[in-house]
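# What the coordinates show
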Amino acid sequence: MRYTGTMRVSVSTVRLWLLAVVMFGGAIALQPSLGFNVFHFPSLRVGVYQLATVGLVCCSLPLWWHALVSLRKRRWVVAAAGLLSLSLAIGMLSSQVPGRTALYTISLLYLLLTGLAAAVTYQSLSQQQRVRLMTIGLWSGVVCGIAAVSQLLAASFHPTAFGTLCSGCHAGVFGFPRVNLLAAEPQFLASSLLPSLWAGFCFRNNRRVAAWSVFWTSLAIGLTFSRGAFVAIIAAGILYMLVLVWRYRQPADRPGVKKSLKSFIACSGIMLAGIVVSFSLLLLSATIRYHDTPHITYRTAASMLDQLSLGVLKLPAKTESPTSPPTQSTTPPPATGTKHFQPSGFVAASSNDRLSAADLAVRAWLDSPKTIVFGVGLANLGSFIQQTLHQPASLDQTVYIFYILLLSSIGLLGLLPLLAIALWALIQAGRYIDHPSGRFGFLLTSAFLVHFWFFGSLINSVHCFAWIGVFLYNYRKNHAEKL
């Protein structure tokens, strides 16, 4: 019996750490890993993070029976699963590249399984282990923030930060490098940091650790310069404030609402301080990287303002003096091969690329009643655009908006069930918004739903599905948890 008890504790501890890696470890989602470019699927890889998700699913298998029995009693869950399965089956049968479609279909199903594994694993944890999980999340934000500053400093003197920067992170776009740590892109790193940020807002038993987590996490998100993450954070905060204002109308709720409002404003101040420090570091990095460029700090600030305001706010341009031509730089050139920072056109080109990709995907979706309902098939978008719309496109055609990617791939029949699941998770968390876990679920789910408008990727959204699965399954009636 003693041996059995020891084994139970050991398995539970393994589940806890696997869950922590999946939920808070998106910063290592790309490296270290091995890539497998099968069926023109360049993002297919197996690494530490992917092995952690496999381990979580395998370790949670003994817990699935009761979860599946519970889910079968919910008719809307059965209906959603049936509609999604039908959409995936039709897409597979009509795909022009069945191998790629099968691979992407397995990927989507695996994401859903990871969400279920995270949900049942979280429910199996003791109260003490749940507190420990969130403490791990808080400290992960601190670690990622310090690592992000270190990568920025390295990239300020070395073009690729010794091979850790992604291909689109170099300093030639904005004047400073964008931090991605070991994730595929800055956008994905910022998404993976959202749980640590909102955990610092909501779980404040140890106020000092929570405050440092908010500061360092917001600093790391600022260094990614991810406009989508900024919008997601602001939108989630505004939505939460609106709910608090609505709750303030009830006299019985006013004391608790007032306390929550003060705490949120205090944490927002810490977050703003982290963002200000991060922007200052980005300006400093640009000044170091392109010190021979006239007015480099001003030009970088103008480029940042242009990007953040979607081109609405522009600072007047400063031109070089004809009597004092720039001297040749003695520092190694950046990854783009230029010695002087010239931001004109980069931001507009990026926006046009995103919009044109989304436009092609929408046109493919609207091609016929069949594609509107069932989509063109997962991973079949590039081939469909080539052969049906007769437009130039690559087989691994990318759409930078997750909703449009899913809509064009699996149609209304597949997207609506997934969207309904996410919205139901948001509603479930909102019902317990007076509790720290409810606030956390509401803020994080809101941020994910907004951030999905700015990136489209299956393999880089594992943590999103895991968190939504936890919020969906663990906020049932009489099951609200206080951490």
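Residues numbered from 1 in each chain as written. Predicted model: local features only at pLDDT ≥ 70, side-chain atom pairs only at ≥ 80, totals over all residues. Heavy atoms only, no water.

### Structural notes on the overall build of the protein
- Helices and strands together make up the secondary structure of the protein, namely 17 helices and 2 strands.
- Expressed as a percentage of the 483 residues in the protein, the buried residues total 52%.
- A separation of at least 24 residues holds for 76% of the contacts in the protein among residues at least 6 apart in sequence.
- Only carbon and sulfur atoms are counted for the fraction: they give 68% of the accessible area of the protein, which is about 22,000 Å². (Helix = DSSP H or I, 4+ residues; strand = E, 2+ residues; numbered from the N terminus. Buried < 20%, exposed > 50% of the residue type's maximum accessible area, 1.4 Å probe, protein only. Contact = heavy atoms within 4.5 Å. Areas by Shrake-Rupley, 256 points an atom, 1.4 Å probe, with all protein chains shown as cover.)

### Focus: the nonpolar core
- Among the nonpolar cores identified, the biggest contains 134 residues, and Leu133, Trp198, Phe201, Ile221, Phe440 and Trp467 are the most heavily contacted of them.
- Among the elements that take part in this core, helix α15 (residues 402-431) stands out by supplying 13 residues, more than any other.
- Setting aside residues no more than four positions away along its own chain, Phe201 makes contact with Val214, Ser263, Phe264, Cys267, Ser268 and Met271.
- Membership of the second largest hydrophobic core comes to 6 residues, among which are Ala161, Leu165, Cys166 and Cys169. (Core = buried A, V, L, I, M, F, W, Y, C linked by side-chain atoms within 4.5 Å.)

### Focus: the side chain of Ser408
- Here Ser408 lies in helix α15.
- From its side chain, Ser408 meets the backbone oxygen of Leu405 in a polar contact 3.1 Å long.
- Those residues within four positions of Ser408 in sequence are excluded, and the remaining contacts are Ala361, Trp365, Gly375, Val376, Gly377 and Leu381. (Polar contact = N/O pair within 3.5 Å; in protein donor to acceptor, adjacent residues only side chain to side chain.)

### Here we look at a nonpolar patch on the surface
- A contiguous nonpolar patch, built from Leu34, Phe36, Val38, Val46 and Leu51 and spanning about 450 Å² of accessible area, is present on the exposed surface.
- Of note, Val46 is situated in strand β2 (residues 45-47). (Patch = residues over 30% accessible without salt bridge, like charges linked within 9 Å, V, L, I, M, F, W, Y side chains within 5 Å. Salt bridge = Lys/Arg side-chain N within 4 Å of Asp/Glu carboxyl O.)

### Quick word on the environment of Gly430
- With respect to the element layout, Gly430 can be found in helix α15.
- We classify Gly430 as partly exposed; its relative accessible area is 22%.
- Separated by 13 residues in the primary sequence, Gly430 and Leu443 have C-alpha atoms spaced 9.0 Å apart.

### What about the packing of aromatic side chains?
- This structure, assessed with the given rule, holds 19 aromatic pairs.
- For the pair Phe402 and Phe452, a centre-to-centre distance of 4.8 Å together with 45° between the ring planes defines the contact as tilted. Of this pair, Phe402 sits in helix α15 while Phe452 sits in the loop between α16 (436-451) and α17 (462-473); the two residues are 50 residues apart in sequence, bridging distant segments of the chain.
- Summarising the aromatic geometry, the rings of Phe440 and Phe471 are spaced 5.9 Å apart at their centres and angled 80° between planes, so their arrangement reads as edge-to-face. Remark: Phe471 occurs in helix α17 and Phe440 occurs in helix α16; sequence separation between them is 31 residues.
- By relative accessible area, which is 3% here, Phe440 ends up buried. (Phe/Tyr/Trp six-rings, centres within 6.5 Å; stacked < 30°, edge-to-face > 60°.)

### Focus on the packing of helix α9 (residues 227-247) against α16
- Interhelical geometry of α9 versus α16 gives an angle of 135° and a closest axis separation of 8 Å. Regarding the angle of α9 to α16, the classification is oblique. With respect to the hand of their crossing, α9 and α16 are arranged in right-handed fashion. Residues Gly228, Ala229, Val231, Ala232, Ala235, Ala236, Gly237, Leu239, Tyr240 and Val243 of α9 form the contact with α16, whose own contacting residues are Arg439, Phe442, Leu443, Ser446, Ala447, Val450 and His451. (Axes fitted to C-alpha atoms, helices over the stretch in contact; angles between N-to-C directions. Parallel < 35°, antiparallel > 145°, perpendicular 65-115°, else oblique. Left-handed = near helix turned anticlockwise from the far one by under 90°.)

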